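Residue strings, one per chain:
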Amino acid sequence: MKNTHQDNREDKPKQILVEYLIDNGSGFAITEEGDQVYLSDRLVDKMNVQPGDVFDAYIMLNYADKRDAIKWRAMRVMKPTKIVPMFQDA
C-alpha cells in the first residue's frame, strides 16, 4: 500500500523566501522555482518567522482544496546552511 504523505512530499529541503505574514499568524513564502508555500501559524510562531527570512524547508503538496492557489505547505523549516544566489539580496 502506498504512503500518500510520502508520495506528496519533497525528499530534500527546498530553500524558501518568506514573502509575507497575515493577520491570523500564518505566512506565505516562495521557492526558487516561483511556487508559493504556505506556513502555518504554529510554524511561524515556533520559528519566529519574519518577511524576508530565508529557510530550508521540507514541503509537501498542499491540501487538495487549496492546491490550485498554493501548491505547497511547509512541514518543517530550519535556518539555511547556504543561501542560494537568487535569495541573497532579499
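Right above here is the structure, for reference.
All values reported here derive from a predicted model rather than from experimental measurement. (Residues numbered from 1 in each chain as written. Predicted model: local features only at pLDDT ≥ 70, side-chain atom pairs only at ≥ 80, totals over all residues. Heavy atoms only, no water.)

1. With respect to the overall build of the chain
- Across its full length, the chain holds two helices and five strands.
- Secondary structure elements of the chain occur, N-terminal to C-terminal, as α-β-β-β-α-β-β.
- Over its C-alpha trace the chain gives a radius of gyration of 13 Å, about what one expects of a compact globule, namely 12 Å for 90 residues.
- Relative to its 90 residues, the chain shows a buried fraction of 32%.
- A fraction of 52% describes how many contacts in the chain between residues 6 or more apart in sequence connect residues 24 or more apart. (Helix = DSSP H or I, 4+ residues; strand = E, 2+ residues; numbered from the N terminus. Rg over C-alpha atoms; globule rule 2.2 N^0.38 Å. Buried < 20%, exposed > 50% of the residue type's maximum accessible area, 1.4 Å probe, protein only. Contact = heavy atoms within 4.5 Å.)

2. With respect to the pattern of salt bridges
- Counted under the stated rule, the structure contains two salt bridges.
- Across the salt bridge formed by E33 and K14, the nearest N and O atoms sit 3.3 Å from each other. With E33 in the loop between β2 (27-31) and β3 (36-39) and K14 in strand β1 (residues 14-21), the pair connects residues that are 19 residues apart, well separated along the chain.
- As a salt-bridge pair, D65 and K66 come within 3.9 Å of each other at their nearest N and O atoms.
- Exposure remark for D65: the relative accessible area of 63% places this residue in the exposed category. (Salt bridge = Lys/Arg side-chain N within 4 Å of Asp/Glu carboxyl O.)

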